[in-house]
Amino acid sequence: QVQLLESGGGLVQAGGSLRLSCGSSGIIFSTKHMAWYRQAPGKQRELVAGISSGGSTNYADSVQGRFTISRDNAKNTVYLQMNSLKPEDTAVYYCAATRQRQLPTREYEYDYWGQGTQVTVSS
């Protein structure tokens, strides 16, 4: 059974930092492309950042230069370092994994999802 478990969310002031973690089990983590998505109240879920099994990354324009996605295959964990947080970053953040050959950007191409972790940025 595949499980993705996010942690590290919380309440932070604007300009602050948080580091999200997503541990996995039930998959061969090193072979999977991974991503972080987020969903703000009343909005659609959107891609934040993705990382391929080989370490290539992509980012949403809104977080480029502020967020960094990384992975530790030895720990079966993907991370999202979030700096210079803004109130508009407030959302539930989800970890996702895919069996696709290429790193995808479309939500439906991800096969496995975590339950999410809340990030709230106060102004």
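A quick note: this is a predicted structure, and the numbers were derived from the prediction, not measured. (Residues numbered from 1 in each chain as written. Predicted model: local features only at pLDDT ≥ 70, side-chain atom pairs only at ≥ 80, totals over all residues. Heavy atoms only, no water.)

S.K.: I'd love a proper account of the sheet that holds strand E7 (residues 67-72), names of residues and values included.
M.R.: Read from one edge to the other, the open sheet built from 4 strands follows the order E1-E3-E8-E7, with strand pairing classed as antiparallel. Edge positions in the open sheet fall to strand E1 (3-7) and E7, since each of these has one partner strand only. In this sheet, neighbouring strand axes are inclined to one another by 15° on average, regardless of whether the strands run parallel or antiparallel. Of the strand pairs in this sheet, E7 and strand E8 (residues 77-82) are connected by 6 bridges, and their pairing is antiparallel. Across the sheet, residue Arg71 finds its bridge partner in E8, namely Val78. (Pairing = 2+ DSSP bridges. Helix = DSSP H or I, 4+ residues; strand = E, 2+ residues; numbered from the N terminus. Axes fitted to C-alpha atoms, helices over the stretch in contact; angles between N-to-C directions.)

S.K.: Got a sec to walk through the nonpolar core? Specific residues and values, please.
M.R.: Ranked by size, the top nonpolar core spans 28 residues in total, and within it Trp36, Val78, Leu80, Met82 and Tyr93 carry the most contacts. Elements with a contribution of two residues or more to this core: strand E3 (18-25), strand E4 (33-39), strand E5 (46-51), E7, E8, strand E9 (91-98) and strand E11 (117-122). Per-element accounting of this core gives the leading share, 4 residues, to E9. The contacts of Tyr93, once residues within four sequence positions are left out, are Glu6, Leu20, Trp36, Tyr37, Arg38, Val48, Phe67, Leu80, Met82, Gly116, Thr117 and Val119. Grouped together as the second largest cluster of nonpolar side chains are 6 residues, Ala35, Tyr37, Leu47 and Tyr110 included. (Core = buried A, V, L, I, M, F, W, Y, C linked by side-chain atoms within 4.5 Å. Buried < 20%, exposed > 50% of the residue type's maximum accessible area, 1.4 Å probe, protein only. Contact = heavy atoms within 4.5 Å.)

S.K.: So, unusual backbone geometry: which residues are in play, and what are the values?
M.R.: Positive phi is not limited to glycine here, since Asn76 has a value of about 55°. Its location among the elements puts Asn76 in the loop between E7 and E8. Overall, the relative accessible area of 30% leaves Asn76 in the partly exposed class. The residue Ser84 is not glycine, and still its phi comes out positive at about 50°. For Ser84, the location among the structural elements is in the loop between E8 and E9. A relative accessible area of 40% means that Ser84 is categorised as partly exposed.

S.K.: An account of the environment of Tyr94 is needed here, citing residue identities and associated values.
M.R.: Mapped onto the elements of the fold, Tyr94 is located in strand E9. Tyr94 sits 21 residues away from Gln115 along the chain, and the two C-alpha atoms are 6.6 Å apart. Excluding residues that lie within four positions of it along the chain, Tyr94 makes contacts with Glu6, Ala35, Trp36, Tyr37, Gln39, Arg45, Trp113, Gly114, Gln115 and Gly116.

S.K.: Can you tell me about the packing of aromatic side chains, naming the residues and giving the values?
M.R.: Applying the stated criterion across every chain, the model contains 3 aromatic pairs. A ring pair is formed by Tyr37 and Tyr110, whose centres lie 5.6 Å apart and whose planes are at 75°; its orientation type is edge-to-face. Placement of Tyr37 in strand E4 and of Tyr110 in the loop between E9 and strand E10 (112-113) is noted, with a sequence separation of 73 residues between them. Residue class for Tyr37 comes out buried when judged on its relative accessible area of 1%. (Phe/Tyr/Trp six-rings, centres within 6.5 Å; stacked < 30°, edge-to-face > 60°.)

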